[in-house]
Amino acid sequence: MKTTLKLLLVVLLIPVVLVSQKPESQYIEWRGNDSIANVMVWMGMDHLMNIENEKAFTLMEAAVAKDPSLFAPHVVLANLSWGDVRRHHIAEAKRLVEGKNEVSQMFVSLLDVDRQAADAAAQRHAIWTKMYELAYDGGFVNYVYARSIPDTAARIMELEKLGTKLEKAGRNNGHIHNILAYTYYAEGDKIKAKAHLDKYMELRPDGYNSYDSMAEFYFNEGDMENALSYYQEAREHYPGAMNAANMVKDIEGKMSEKVKTEK
């Protein structure tokens, strides 16, 4: 009798256990069979998350040239392109994603969102939310999902949670500090913004966006000398950094004009 009762309880509990278990987290299927191309993709993603778009584009372009079966780099390339180049990468991404998992399919579906639409951000957030529900352990998905959250307080909370998670896992979370710095600055908390930028530079001394971000902080504060210095450092770390190059030209022009005016 007792054995029968135990078996009955086990059977009754099975549905509860099944409902309480999360399905295995999915990931965007970035990789292919070519190890060199995979390294290029990994490096490209690192630059992409750190808003170093010039290097991200170069590496993703090299990756698809090395391994034409990759679909995910085409999504990145499409988002960093316009006109015929963008249309080419969209077509390739859609063709190559066939047969991939649901998260990968949704990643490509982001390309269907009209970038000029008034509700484009809301559409993208809806897609990233669905992706995060399936890819809750994916660092890249979690990062972009967090950035897409429209409510500032909720966005900060999700970014800080992800930053802590990455730090505990021994992974670099510099890109999180960068986004938090911009978010806090937009909210008027310049002290926290500067603290996050200092941490970003500490964690990414060899990148170029950490210097670009610090330069923008000083530029917005009206400190042109420091802004110019950091923009120049960004260019020293990567001469192809277009924003830094444009800002150096702009600031030097303004300084020169100011000197002429004061004479």
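This text goes with the structure placed above it.
I will try to describe carefully the structure that is included in this document. (Residues numbered from 1 in each chain as written. Predicted model: local features only at pLDDT ≥ 70, side-chain atom pairs only at ≥ 80, totals over all residues. Heavy atoms only, no water.)

Across its full length, the chain carries 14 helices and zero strands. Secondary structure elements of the chain, listed N to C terminal, follow the sequence α-α-α-α-α-α-α-α-α-α-α-α-α-α. Considered along the principal axes of its C-alpha atoms, the chain spans approximately 105 × 45 × 40 Å. Long-range contacts, defined as pairs at least 24 residues apart, comprise 52% of the intrachain contacts of the chain with a sequence gap of at least 6. Counting every atom, the chain has about 15,100 Å² of accessible surface; 57% of that belongs to carbon and sulfur. (Helix = DSSP H or I, 4+ residues; strand = E, 2+ residues; numbered from the N terminus. Contact = heavy atoms within 4.5 Å. Areas by Shrake-Rupley, 256 points an atom, 1.4 Å probe, with all protein chains shown as cover.)

Here we come to the packing of aromatic side chains. Within this structure, the stated rule accounts for ten aromatic pairs. Ring centres 5.4 Å apart and planes at 55° place the aromatic pair Trp 30 and Phe 107 in the tilted group. Remark: Phe 107 occurs in helix H6 (residues 102–109) and Trp 30 occurs in the loop between helix H1 (2–20) and helix H2 (35–49); sequence separation between them is 77 residues. Between Trp 128 and Phe 140 the ring centres are 6.1 Å apart and the planes differ by 70°, which places this aromatic pair in the edge-to-face class. (Phe/Tyr/Trp six-rings, centres within 6.5 Å; stacked < 30°, edge-to-face > 60°.)

Core analysis: the biggest nonpolar cluster contains 52 residues, and Ile 28, Trp 30, Phe 71, Phe 107, Trp 128, Met 131 and Phe 140 have the highest contact counts within it. With sequence-adjacent residues up to four places away left out, Trp 30 is seen in contact with Val 41, Met 45, Met 60, Leu 70, Ala 72, Pro 73, Val 76, Phe 107 and Phe 140. Within the second largest apolar cluster, 19 residues are counted, among which are Tyr 208, Met 214, Phe 217 and Ala 241. (Core = buried A, V, L, I, M, F, W, Y, C linked by side-chain atoms within 4.5 Å. Buried < 20%, exposed > 50% of the residue type's maximum accessible area, 1.4 Å probe, protein only.)

Bringing the environment of Gly 99 into the picture now. Checked against the element boundaries, Gly 99 lands in the loop between helix H5 (83–96) and H6. Taking the C-alpha atoms as reference, Gly 99 lies 26 Å from Ala 56; in sequence the two are 43 residues apart.

Right, let's talk about the side chain of Glu 52 for a bit. Among the structural elements, Glu 52 can be located in the loop between H2 and helix H3 (53–66). For Glu 52, a relative accessible area of 0% corresponds to the buried category. For Glu 52, the contacting residues outside a window of four places in its chain are His 47, Arg 204, Gly 207, Tyr 208 and Asn 209.

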